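Results of the structural survey
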Amino acid sequence: MLSTDFVNSYLDHHLGERQVNKIQHGFPSPRYWNELSVPLDEIGEDRRSLRETNGKSPVFLYIGVPYCIQTDPGKCGYCLFPVEEFQGNAALENYYGYVEREAEMYREQMEDTVLVGAYFGGGTSNLYKAPVYHRIMDMTRSLFPEIAESADLTLEGIPQLFSRAKMEAIRDSGMNRISMGVQQVNERLNSFSGRKQTTKHVIQSLEWARELGLAANVDIIFGWPQQTVDTMLEDLETLVSWDVYDITHYELNVGGPTDFALNRFHELPSTLANLEMYRAGRDFLLDKGYEQLSTYNFRRPGDPAARDFREGYSRFGHVDTLGLGYAAITFFGSPALPPGRSWSFINHRSLPQYKAAVDAGRFPVERGYRHTPEDFLLMGLFRSLISREVDRVQYRAAFGLDIYEKFATIWDVLAGRGYAEITPERIELVGDGAFYAPMFSALFAEERYRELREEAARRKKESRPPAPASRSGQ
């Protein structure tokens, strides 16, 4: 167990670093996903055995798109997700045909499940023409004949690619929500991304959604180059004035060979400035009647079109997020399974390889990770931290332990610093705790990550060819 001195030292050392770069929705980081052969047949058997024991299982569906519009600078200046160069609508529809074929491979595994939510993401999912949204939902209903009445079925897109005809097709297909990556309302700041989005695009898309009865979420980023607290608050004030009920207000993730990391890093607000922006944005939205649902998600009650759904554990301790398409990720597992039967895996991040696998009748999986019980518990803890609340009662029921007692030293230090409040029923992140949730996740996993690093080093050493025999004396 980590000592109090180590925990305090760790926090002091990392408080000045950018936080969102550390955020993880699962455990461990994909850099440790080293299993090149993922046993999909075994996973299918485990899905069926869990249904036989517990009844119909909840599943969350993700479908990815490999394309985005071209920008200058590329990838909107900051995006770290894998994407392919957009070749036009014919290539996009050809790709979606592969997704339909991949979905068919999972049909037997998904029998007697219930779809509790879906996210049609990207890339940029509103690149599709209007008829394709009906195809997406027809496929979804075919794979999941039972869809929960409360299911949030969200399509992600960017404002300038929506049209009224597309929005109507989205609604008529059965999708019930759009999520718009606005990033900056301020047109001057937004221009750094190379996107041609205007304020008019955002307003028009929101008006169409409202007219057609679609819930609408807006993603907006703080920590942008040349951004100040004042320009950030102006954007939030504008969104509130437009009656946007759901706002995702998150910190810019900067890294890799992106334009923002290479050419605009000197224009980025400092970590302390980002913390000030987080506080100012949070307090502004709370003052306007919004509730903080997670580290970065805020919702104002009263939206007649919204469904009260949050991605994560629909049944605590059991997770089944099915990812279809290019670079899509699947999470599957349960404490009820034998050790080593819980998995995370990712589809091919090369479009030709993804298509080749489907053409060959194989699941298009690139690599995965077989979780130990400790890994699976940490994955659940990471998701709880993102939601800002750790339910001790549910952890006892699912894992047979008190999550406070397991990490008592860390929790006590966080409480002592004003980042957490501990009761017998739950642990809640308070104050600046939500802002530092990514760092806390890394701290909770510190010992397990140390083991994984040592294991990786051992594997690397074992894979090296033997040194040549000595030729001394010749």
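The structure under discussion appears in the preceding block.
Here's what I pulled together on the structure shown here. As the structure is a computational prediction, the values presented were derived from the model and not from experiment. (Residues numbered from 1 in each chain as written. Predicted model: local features only at pLDDT ≥ 70, side-chain atom pairs only at ≥ 80, totals over all residues. Heavy atoms only, no water.)

Side note on unusual backbone geometry
A negative phi angle is the norm for most residues apart from glycine, just as the trans form is the norm for most peptide bonds. To be explicit about the condition: Strands here are runs of E lasting at least two residues and helices are runs of H or I lasting at least four, both read from the DSSP assignment and numbered beginning at the N terminus. Only protein chains enter the calculation, and the probe is 1.4 Å; a residue is then buried if its accessible area is under 20% of its type maximum, exposed if over 50%, and partly exposed in between.
Between Phe 27 and Pro 28 the backbone carries a cis peptide bond, its omega angle lying at -5°. Look at Cys 76: it is not a glycine, yet its phi comes out positive at around 60°. Within the element layout of this structure, Cys 76 appears in the loop between strand S2 (67-68) and strand S3 (84-85). Residues other than glycine seldom take positive phi values, yet Arg 388 does so here, at roughly 75°. Looking at the element boundaries, Arg 388 is found in the loop between helix H12 (373-386) and strand S15 (389-391). What makes Arg 388 buried here is its relative accessible area of 16%.

Some words on the packing of helix H1 (residues 4-14) against helix H15 (residues 408-416)
Using the following cut-off: A fitted line through C-alpha atoms represents every axis, and for helices the fit uses only the stretch in contact; the resulting angles, taken between N-to-C directions, go from 0 to 180 degrees. Each angle is binned into one of four classes, with values under 35 degrees roughly parallel, values over 145 roughly antiparallel, values of 65 to 115 roughly perpendicular, and all other values oblique. In this scheme the handedness of a crossing depends on how the near helix is turned from the far one: anticlockwise by less than a right angle means left-handed, clockwise means right-handed. In what follows, residue pairs with any heavy atoms lying within 4.5 Å of each other are defined as contacts. We call Asp, Glu, Lys and Arg charged. Ala, Val, Leu, Ile, Met, Phe, Trp, Tyr, Cys and Pro are nonpolar, and the rest, Gly among them, are polar.
At a minimum axis distance of 9 Å, the contact between H1 and H15 shows a crossing angle of 50°. With respect to their mutual orientation, H1 and H15 come out oblique. The handedness of the crossing between H1 and H15 comes out as right-handed. Contacts between H1 and H15 involve Thr 4, Val 7, Asn 8 and Leu 11 from the first element and Thr 409, Ile 410, Val 413 and Leu 414 from the second. Broken down by class, the residue content of the contact of H1 with H15 amounts to five nonpolar, three polar and no charged.

Topic: the side chain of Glu 251
Using the following cut-off: The charge count treats Lys and Arg as positive and Asp and Glu as negative. His and the chain ends do not count. Take a side-chain nitrogen of Lys or Arg and a carboxyl oxygen of Asp or Glu: if they are within 4 Å of each other, that pair is a salt bridge. In protein, a polar contact requires one atom able to donate a hydrogen and another able to accept it; more generally it is a pair of N or O atoms within 3.5 Å, and residues adjacent in sequence count only if both atoms are side-chain atoms.
Mapped onto the secondary structure, Glu 251 falls in strand S8 (residues 246-251). Although Glu 251 lies buried, it forms no salt bridge, and the closest oppositely charged side chain, Arg 18, sits 4.6 Å away as judged by the N-O distance. Engagement of the side chain of Glu 251 in a polar contact is seen with the side chain of Asn 274, the distance being 3.0 Å. Beyond its immediate stretch of four places on either side in the chain, Glu 251 contacts Arg 18, Gln 19, Val 20, Ile 221, Phe 222, Asn 274, Tyr 296 and Phe 435.

Function cannot be inferred from these measures alone, as they are strictly geometric.
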